[in-house]
Every structure is written in structure tokens, then in C-alpha cells.
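Working through the structure, step by step
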Amino acid sequence: NAGVTQTPKFRVLKTGQSMTLLCAQDMNHEYMYWYRQDPGMGLRLIHYSVGEGTTAKGEVPDGYNVSRLKKQNFLLGLESAAPSQTSVYFCASTPATSPIEQFFGPGTRLTVL
Amino acid sequence: LAKTTQPISMDSYEGQEVNITCSHNNIATNDYITWYQQFPSQGPRFIIQGYKTKVTNEVASLFIPADRKSSTLSLPRVSLSDTAVYYCLVGDMFSGGYNKLIFGAGTRLAVHP
């Protein structure tokens, strides 16, 4: 099992550009999450999904959109990147039967110039 | 949501036992206590979870007093590889609280030779 994988690992954008981060999990988990982590800080929840076709806002959703068209994939989109979105992005998944134990991906380091 | 307070940093030496205490004064009846570990450039990893009294697994022990207003993560005989950030989280497993889990700044543990 690969667990939770994230694509790409690194990316540099210019202000105003758009991009999509892909998260994939092969554990058949129902719930998936996107977090951001700024230097020296904890993780903040951006959006989450409790099942295919459903998404919900987390703590810091502004400037991001998400889609969960397939159970194993959770996409995070930035329509018009801003320097304030420079961060490390982590995806996580968890089974519905034990939602408090989250399995995290390796992260995507995004820099917006 | 129960807010947690934990020390910003701790130092220890190889072979010592490390205890990290987390305060969560307004913990609710349905809340569980969870600890995660994060190494540099990696996503957090679940360590242990508990509701009350003591929980032990192959990695750590979690001590929770009767009033549940605090908890202590105990790492026996730490090694250099235990150097990481440790997060204490409190959340309700049964009514969606897991989607609002808050990762604070955590405790940076440095283990020295």
C-alpha cells in the first residue's frame, strides 16, 4: 500500500496563476482532508470531505476550492494564487469507523512569488 | 471546541523518559484526546489516543486523570530519532468534531546525545 500520496512535491507559482494539488489514497478511506502548515505553526484545516461527491469548509477555506469526484482522490485548487498561500500543504485520510486517527501524505511545498 | 495548551519546547537526553503535558480545561464529555508526532518535512503521524485513565502502546503511554482536564504523553527511553514536534488534540469522534481538530503549535522535543 502506498498510503496517502500527494502530487506534486514542490511547486513555484507566480501571483495570479492557478494550479491543482492532487491527493490520492489507496486505503479505501471515506474521509479526506486538506491542511496548510506555515513555518513554525501547526496545521490549519482548509477543506474536508466525508465521502465521494461531498465537501465542506474548514478553518481557512478562502482562496481554495476542492473536489472529490472519486473516493480515492481529493483535489485542492488555487484559482488565483497569492503570496499568502505560500505554505506546505498536507492531505490526510481516515476511515469512517475511526475518524480520529488521520493518515497524512508527505506534503506539497508551494511557493507563490 | 476544547482548546489545548502545551509547552512550546522541551529538551531531553538519550535514554531518558520524557513527559509532555497538555492542558485542556474545557474538554467535553464526548471528546477524545489524541497525540500526533511530526518529523521535519513530513506529515504528522498518529501516536496514541485515549479517553480516560491510562493507555499504552508500543510507542508511548498516555495518562489522563479523572477530571480529564489534562493529559500526559510519556515517551520511555527516548532516542535521537524521537526529536520531533508533538501535538495534543481534543475532539469528539461521534458528532463531527474530528473535522474540527485543531493542531496548535505543538511541543518541539529535542533529544540530545
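Now for a look at the structure at hand. (Residues numbered from 1 in each chain as written. Chains lettered and ligands numbered in written order. Predicted model: local features only at pLDDT ≥ 70, side-chain atom pairs only at ≥ 80, totals over all residues. Heavy atoms only, no water.)

With that settled, consider the sheet that holds strand E3 (residues 31-38) of chain B. Residues and elements named next belong to chain B. Strand order in the open sheet made by the five strands is E1-E9-E8-E3-E4, with mixed pairing throughout. Either end of the sheet is taken by a strand with one partner, and the two such strands are strand E1 (9-13) and strand E4 (45-50). Within the sheet, the average angular offset between the axes of one strand and its neighbour, ignoring direction, is 25°. Where E1 lies against strand E9 (residues 107-112), five bridges are found, and the strand directions are parallel. (Pairing = 2+ DSSP bridges. Helix = DSSP H or I, 4+ residues; strand = E, 2+ residues; numbered from the N terminus. Axes fitted to C-alpha atoms, helices over the stretch in contact; angles between N-to-C directions.)

With an omega dihedral of -5°, the bond running from A:Thr7 to A:Pro8 counts as a cis peptide bond. Tracing the backbone through its elements, the reader meets A:Pro8 in the loop between strand E1 (4-7) and strand E2 (10-13). Its identity as a non-glycine residue notwithstanding, A:Asn28 has a phi of 60°, on the positive side. With respect to the secondary-structure elements, A:Asn28 resides in the loop between strand E3 (19-25) and strand E4 (31-37). With relative accessibility at 52%, the residue A:Asn28 sits in the exposed group. The backbone phi angle of B:Thr53 is positive, close to 55°, even though this residue is not glycine. Following the sequence through the fold, B:Thr53 ends up in strand E5 (residues 53-56). (Buried < 20%, exposed > 50% of the residue type's maximum accessible area, 1.4 Å probe, protein only.)

Here the focus is the pattern of salt bridges. Pairing between side chains of opposite charge can happen when the charged atoms of each approach one another. Residues and elements named next belong to chain A. According to the stated counting rule, one finds three salt bridges over all chains in the structure shown. For Asp38, the salt bridge is made with Arg44, and the minimal N-O distance between the two is 2.7 Å. You can call Asp38 buried: its relative accessible area is 12%. When salt bridges with common partners are traced through the structure, they connect Arg36, Asp38 and Arg44 into a single cluster. (Salt bridge = Lys/Arg side-chain N within 4 Å of Asp/Glu carboxyl O.)

It is worth spelling out the pairing of E3(B) at this point. Residue and element names in this part refer to chain B. Across the eight residues that make up E3, a large majority, eight, are buried. Because side chains alternate across E3, one face comprises the buried residues Asp31, Ile33, Trp35 and Gln37, and the other comprises Tyr32, Thr34, Tyr36 and Gln38, equally buried. Note: E3 against strand E8 (residues 84-92), eight bridges, orientation antiparallel. If you follow Asp31 over to E8, its bridge partner there is Asp92. Note: E3 against E4, five bridges, orientation antiparallel. Paired with Ile33 across the bridge in E4 is Gly50. Between the antiparallel neighbours E3 and E4 lie six residues, among them Ser41 with a positive phi of about 65°.

Another point: the nonpolar core. Residue and element names in this part refer to chain B. Ile33, Trp35, Leu73, Leu75 and Tyr86 are the most contacted members of the largest nonpolar core, which has 20 residues in total. Contributing elements (two or more residues each) for this core: strand E2 (18-23), E3, E4, strand E6 (61-64), strand E7 (70-75), E8 and E9. A total of four residues in this core trace back to one element, the largest contributor, which is E8. (Core = buried A, V, L, I, M, F, W, Y, C linked by side-chain atoms within 4.5 Å.)

Take the interface of chain B and chain A next. The accessible area lost on association of the parts is a frequent measure of interface size. Counting residues at the interface gives 20 residues for chain B, matched by 21 residues for chain A. Note on chain B versus chain A: buried area summed over both sides is about 1700 Å², and carbon and sulfur give 57% of it. Taken together, the connections running from chain B to chain A amount to three residue pairs in polar contact (both at pLDDT 80 or more). Listing elements by their share of the side of chain B that touches chain A, those giving two or more residues are E3, E4 and E8 of chain B. Examining the composition of the side of chain B that touches chain A, we find that four residues originate from one element, E3(B), more than from any other. Here the side of chain B that touches chain A is built from residues that sort into ten nonpolar, nine polar and one charged. (Contact = heavy atoms within 4.5 Å. Buried area = accessible area lost by both parts, 1.4 Å probe. Polar contact = N/O pair within 3.5 Å; in protein donor to acceptor, adjacent residues only side chain to side chain. Nonpolar A, V, L, I, M, F, W, Y, C, P; charged D, E, K, R; others polar.)

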